[in-house]
Amino acid sequence: GLGDVYKRQLLYWSTASKELISLFLGKKAADMVGFDQRSPHHCYTLFEHCIHTVDHINSEANNVMTDADLLRVAAFFHDIAKPQVAFEKNGRLVFYGHAHKSADMAEGLLINLGFDTEEISLICFFIKHHDDFISYELPDEVRNKNNNSLAEITKERILKHIRAKSNNELNYPKKNIWNDLMLLCLADASSQAEEVYMNGILTDSKQHKLRKMKKIQDIICLLYTSDAADDRIS
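These numbers were taken from a predicted model, which means no experiment stands behind them.

The rules behind the values
Residues numbered from 1 in each chain as written. Predicted model: local features only at pLDDT ≥ 70, side-chain atom pairs only at ≥ 80, totals over all residues. Heavy atoms only, no water. Helix = DSSP H or I, 4+ residues; strand = E, 2+ residues; numbered from the N terminus. Buried < 20%, exposed > 50% of the residue type's maximum accessible area, 1.4 Å probe, protein only. Contact = heavy atoms within 4.5 Å. Areas by Shrake-Rupley, 256 points an atom, 1.4 Å probe, with all protein chains shown as cover. Pairing = 2+ DSSP bridges. Core = buried A, V, L, I, M, F, W, Y, C linked by side-chain atoms within 4.5 Å. Axes fitted to C-alpha atoms, helices over the stretch in contact; angles between N-to-C directions. Parallel < 35°, antiparallel > 145°, perpendicular 65-115°, else oblique. Nonpolar A, V, L, I, M, F, W, Y, C, P; charged D, E, K, R; others polar. Phe/Tyr/Trp six-rings, centres within 6.5 Å; stacked < 30°, edge-to-face > 60°. Lys NZ or Arg CZ within 6 Å of the ring centre and 35° of its normal. Salt bridge = Lys/Arg side-chain N within 4 Å of Asp/Glu carboxyl O. Polar contact = N/O pair within 3.5 Å; in protein donor to acceptor, adjacent residues only side chain to side chain. Left-handed = near helix turned anticlockwise from the far one by under 90°.

Draft legend 1. Local environment of the overall build of the chain. When helices and strands are tallied, the chain shows 11 helices and 6 strands. Residues classed as buried in the chain amount to 47% of the 234 residues present. In the chain, once contacts between residues fewer than 6 apart in sequence are set aside, the share between residues at least 24 apart is 66%. Carbon and sulfur atoms make up 51% of the accessible area of the chain, which totals about 12300 Å².

Okay, here's the thing in structure tokens:
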């Protein structure tokens, strides 16, 4: 079946040498191979993480995806800029702005690979926004309540975010684009470390991230099906 084809492709790319990837996809893509992310959130090298993210897209997509193939491409390239933006902070690497930079880098690669304008726009949209909800917290959680950089997950906040990004960045209508994006967010979280420790203290976990993403996904699904004018995404 098609799932077996993707599995074989993933196995091929996961075992490909850095030189081969550089030949086919360029040096910037090859820079992901063997790159140690040096982050407690990640248990894989960068290229391994991207391969696992593609694999989780296969698991999440099933019958609910509208742009599964394009989302797989986005998953493959979603962190390509990390080696370029990485810098050390408190003994670990951080990657501020990597999502937007990754979208910029991927655009040139996708042009060379023969994707059309609309496909590139959608793939780069997924890449640019795969980290949009990383600082959102579940409403019933008491941890991190004093952190001003965190936003509580509410229908109003999610709707405001989606309206702003959709109106400013998409030049064509695309139904369910944010539903599709959430599958990338879930796949990305599924490819990270089971537990996150800082100074020996458990501060986060994969399951916690997945609960947050699923909560946001549920809200987005409701917004797409809402009959109320104030709650509709478009």
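Draft legend 2. Up close: the pairing of strand E5 (residues 195–198). When E5 meets strand E6 (residues 201–205), the two strands line up antiparallel, connected through 4 bridges. Its bridge partner being in E6, valine 196 is matched across the sheet by aspartate 204. Hairpin connection from E5 to E6: 2 residues lie between these consecutive antiparallel strands, with asparagine 199 at a positive phi of about 55 degrees.

Draft legend 3. Geometry of the nonpolar core. Phe77, Phe126, Phe133, Ile158 and Ile216 are the most contacted members of the largest nonpolar core, which totals 60 residues. Contacts of phenylalanine 133, omitting those with residues within four sequence positions, involve Ile158, His161, Trp178, Leu181, Met182, Met213 and Ile216.

Draft legend 4. Quick peek at the packing of helix H10 (residues 177–190) against helix H11 (residues 206–225). Put simply, H10 and H11 touch, their axes get as near as 9 Å, and they point 175 degrees apart. The pairing of H10 with H11 is recorded here as roughly antiparallel in orientation. Taking contact as the criterion, the partners of Ile177, Trp178, Asn179, Met182, Leu183, Cys185, Leu186, Ala189 and Ser190 in H10 are, on H11, Lys206, Lys209, Leu210, Met213, Lys214, Ile216, Gln217, Ile220, Cys221 and Tyr224. Taken together, the residues of the contact of H10 with H11 break down into 13 nonpolar, 3 polar and 3 charged.

Draft legend 5. A look at the packing of aromatic side chains. For the structure on display, the rule yields 7 aromatic pairs. For the ring pair phenylalanine 125 and tryptophan 178, a centre distance of 5.3 Å and an interplane angle of 85 degrees mean the geometry is edge-to-face. Placement of the pair is phenylalanine 125 in helix H8 (residues 117–128) and tryptophan 178 in helix H10, with a sequence separation of 53 residues. Pairwise contacts between aromatic rings join Phe125, Phe133, Tyr136 and Trp178 into one cluster. Here lysine 82 stacks its cationic end above the ring of phenylalanine 95, 4.7 Å away from the centre of that ring.

Draft legend 6. Highlighting the pattern of salt bridges. Counted according to the given criterion, the structure contains 5 salt bridges. When the shortest N-O distance is used, the salt bridge between lysine 82 and aspartate 79 registers 3.5 Å. Residue class for aspartate 79 comes out buried when judged on its relative accessible area of 2%.

Draft legend 7. Main features of the environment of lysine 212. Counting through the fold element by element, lysine 212 comes out in helix H11. Since its relative accessible area comes to 5%, lysine 212 is described here as buried. Along the sequence, lysine 212 and phenylalanine 133 sit 79 residues apart, while their C-alpha atoms lie 8.6 Å from each other. Discounting chain neighbours no more than four positions away, the residues touching lysine 212 are Ile134, Tyr136, Glu137, Leu138 and Ile153. A distance of 3.3 Å separates a polar atom in the side chain of lysine 212 from the backbone oxygen of isoleucine 134.

Draft legend 8. Representation of unusual backbone geometry in the model. Notably, asparagine 90 is not glycine yet its phi reads approximately 55 degrees, a positive angle. Inspection of the secondary structure assignment puts asparagine 90 in the loop between strand E1 (87–89) and strand E2 (92–94). Note on asparagine 90: relative accessible area 76%, which makes it exposed. Its identity as a non-glycine residue notwithstanding, asparagine 199 has a phi of 55 degrees, on the positive side. Here asparagine 199 lies in the loop between E5 and E6. Overall, asparagine 199 belongs to the exposed group, its relative accessible area being 82%.

Draft legend 9. Spatial organisation of the packing of helix H5 (residues 68–77) against H10. Two elements in contact, H5 and H10, have axes separated by 10 Å at closest approach and are oriented at 40 degrees. Taken together, the axis directions place H5 and H10 in an arrangement best described as oblique. By crossing handedness, the relation of H5 to H10 is classed as right-handed. Between H5 and H10, the contacting residues are Leu71, Ala74 and Ala75 on the first element and Asp180, Leu183 and Leu184 on the second. Here the residues of the contact of H5 with H10 are counted per class, giving 5 nonpolar, no polar and 1 charged.

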